[in-house]
Amino acid sequence: MGVFTMQNLFWFYVFWDAALIPMFFIIGLWGSGNRRKAAFKFVIYTFIGGLSLLVGLAGLVALHHQATGVWTWEIPELTRGTASGPWARYVFLAIAAGFAVKVPVFPLHNWLPDAHTEAPAAGSVMLAGAMLKMGVYGFMRVLVPAFPALSQAALPWAAGLGVASILYGALCAMAQSDLKRLIAFTSVSHMGFCVVGIFSLTPEGISGASLQMLNHGLSTGGLFLLVGFLYERAHTRGLDDFGGLAASAPWFAFFFAFVMLSSIGLPGLNGFVGEVLSLYGLFQASWPLAVGASIGAVLAAAYGLPSFQRVFWAPPGPNSHSASVHDMTAREQVILWSLAAPIVGLGLFPKPLLDLMAPAVNALVAR
C-alpha cells in the first residue's frame, strides 16, 4: 500500500525495499523443500534491482535539479518530463532495470519460478496479486512520465523484451510437470502483456496493461489458491500424481477450469479484455512485435488445457493420489466465488473500469 500510494519518491523507495522483508520470511520459514534457496535468490535478485532503482531515482532528482534549479523528491514534480542531458539515458536504464526485475521481465525473471514454487499458497497469492504489480506500476507512475522521449525511443527494446517474456514464459510452462511451477511461468508470460501495453504508449495499450494487472491477480491468484487447497490434501503437486480428479472432486474441476480459462484469455472472461487491448495498442506501435505477442496468447491454451486434462480427466495412474482428495469445502468455495464474480464481471462489462482509468491514461499518453 505504501508503494502504490506514496507521492514522494524517497518514501516510495523505502516501502519498495521494505516489502522484501516479510516475503523473505514467508518463503524462508513457511515454504516447502528448497525454501531457503528460493528465499535468498528472491532477496538477492530484488535487492540488486532495488540498488539499481535507488541509483536511478537519485539520478532523476539530480537531473530535475539541473533542469529547474529545484531539489525535490515529489513524484508529481519529477514526472513532468524535465529530465534531460547526456546522463538521462543512463538514469533511465537504471530505473528501468530496477522495475524490470520486480515485474519480472525476461531475462531477469529467474527468481520468480523458484519463489512461487517454494512459497506457501498465501505467499504465492501475495506475489502474484500485489508484488509483481509494483514493477509495472513503477513503469507507468515514474519511468514513462519522467522520460517520455526516451520511453518512445525504447519501444523496440522494451516491447521486444515484453514479447520475449510472453513467449519464453509460455514455452517454459508447457515443459513443467509441477502445477505450481507451471503457474509461476505463466506469470512471466502474463506480465509480458503489461510491459508491451505500457511501451506501446497508446491509450488502448496502457488501459490494457492496467486492466491486465488486475486480471492477473484474480486469475493467477485463484490458480495458486486452488493448487494450495490441493496440496493440503495430497501433499504433492505433480501433474502425473493425479488423474480422474473430476470424478471425486467436481467443484475442484469446475473452479480450476473456470479460473484457468480466465488465465488463458477465453472471450467473455477478464483475461481476454486485458490481452486484446494490450495487443491492439502494440499493433498500432509495431505490428511485427504484435504478431509475436499474439503467438504467445495462443500458446496459453497449449499449456493450460493439457495440464487440466492430465489432472482432472486422464485415467489415474498407479501412483495417483486422486482417491484421497476430498472435494472443496463450503469455505473454500466462498473464497473462489469471490474471485469468480469479478472475473466474469470484468470480462462482460469492462467499460466502467476503463472509463474510470481513462483520465489518467489519456494524461499519460498526452505527455
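Residues numbered from 1 in each chain as written. Predicted model: local features only at pLDDT ≥ 70, side-chain atom pairs only at ≥ 80, totals over all residues. Heavy atoms only, no water.

1. Quick notes on a nonpolar patch on the surface
Reasoning step 1: On the surface, a nonpolar cluster with roughly 450 Å² of combined accessible area is contributed by Phe10, Trp11, Val14, Phe15 and Trp73.
Reasoning step 2: Along the chain, Phe15 turns up in helix 2 (residues 9–18). (Patch = residues over 30% accessible without salt bridge, like charges linked within 9 Å, V, L, I, M, F, W, Y side chains within 5 Å. Areas by Shrake-Rupley, 256 points an atom, 1.4 Å probe, with all protein chains shown as cover. Salt bridge = Lys/Arg side-chain N within 4 Å of Asp/Glu carboxyl O. Helix = DSSP H or I, 4+ residues; strand = E, 2+ residues; numbered from the N terminus.)

2. Describing the packing of helix 12 (residues 203–234) against helix 15 (residues 270–285)
Reasoning step 1: Packing of helix 12 against helix 15 brings their axes to within 7 Å, and their N-to-C directions diverge by 150°. Taken together, the axes of helix 12 and helix 15 lie roughly antiparallel to each other. Considering only the axes of helix 12 and helix 15, their crossing is left-handed. On helix 15, the residues touching Glu204, Gly205, Gly208, Ala209, Leu211, Gln212, Asn215 and Leu218 of helix 12 are Asn270, Gly271, Val273, Gly274, Glu275, Leu277, Ser278, Tyr280, Gly281 and Gln284.
Reasoning step 2: Its residues assigned to classes, the contact of helix 12 with helix 15 shows 6 nonpolar, 10 polar and 2 charged. (Axes fitted to C-alpha atoms, helices over the stretch in contact; angles between N-to-C directions. Parallel < 35°, antiparallel > 145°, perpendicular 65-115°, else oblique. Left-handed = near helix turned anticlockwise from the far one by under 90°. Contact = heavy atoms within 4.5 Å. Nonpolar A, V, L, I, M, F, W, Y, C, P; charged D, E, K, R; others polar.)

3. Concerning the pattern of salt bridges
Reasoning step 1: On inspection of all chains with the given rule, the structure shows 7 salt bridges.
Reasoning step 2: Residue Arg80 pairs with Glu77 through a salt bridge whose shortest N-O separation is 3.2 Å.
Reasoning step 3: On the basis of relative accessible area, Arg80 is assigned to the exposed category, the value being 54%.
Reasoning step 4: Accessibility expressed as a relative area gives 32% for Glu77, which makes it partly exposed.
Reasoning step 5: Between Asp355 and Lys351 there is a salt bridge, with its nearest N and O atoms 2.9 Å apart. Remark: Lys351 and Asp355 occur in helix 18 (residues 351–366); sequence separation between them is 4 residues, near one turn of the helix. (Buried < 20%, exposed > 50% of the residue type's maximum accessible area, 1.4 Å probe, protein only.)

4. Things to note about the packing of helix 3 (residues 20–30) against helix 4 (residues 35–68)
Reasoning step 1: Remark: helix 3 packs on helix 4, axes separated minimally by 7 Å, with the N-to-C direction vectors making an angle of 160°. Taken together, the axes of helix 3 and helix 4 lie roughly antiparallel to each other. Of the two elements, helix 3 crosses helix 4, and the hand of that crossing is right-handed. Facing helix 3, whose interface residues are Leu20, Met23, Phe24, Ile27, Gly28 and Leu29, helix 4 presents Arg35, Arg36, Ala38, Ala39, Phe40, Phe42, Val43, Thr46 and Phe47.
Reasoning step 2: In the contact of helix 3 with helix 4, the residues fall into 11 nonpolar, 2 polar and 2 charged.

5. As for helix 17 (residues 330–348)
Reasoning step 1: When the terminal C-alpha atoms of helix 17 are compared, their 27 Å separation across 19 residues agrees well with the 27 Å that a helix rising 1.5 Å per residue should span.
Reasoning step 2: Where helix 17 is buried, its residues touch helix 12, helix 14 (250–263), helix 15 and helix 18. (Expected span 1.5 Å × (residues − 1).)

Geometry only, nothing functional implied.
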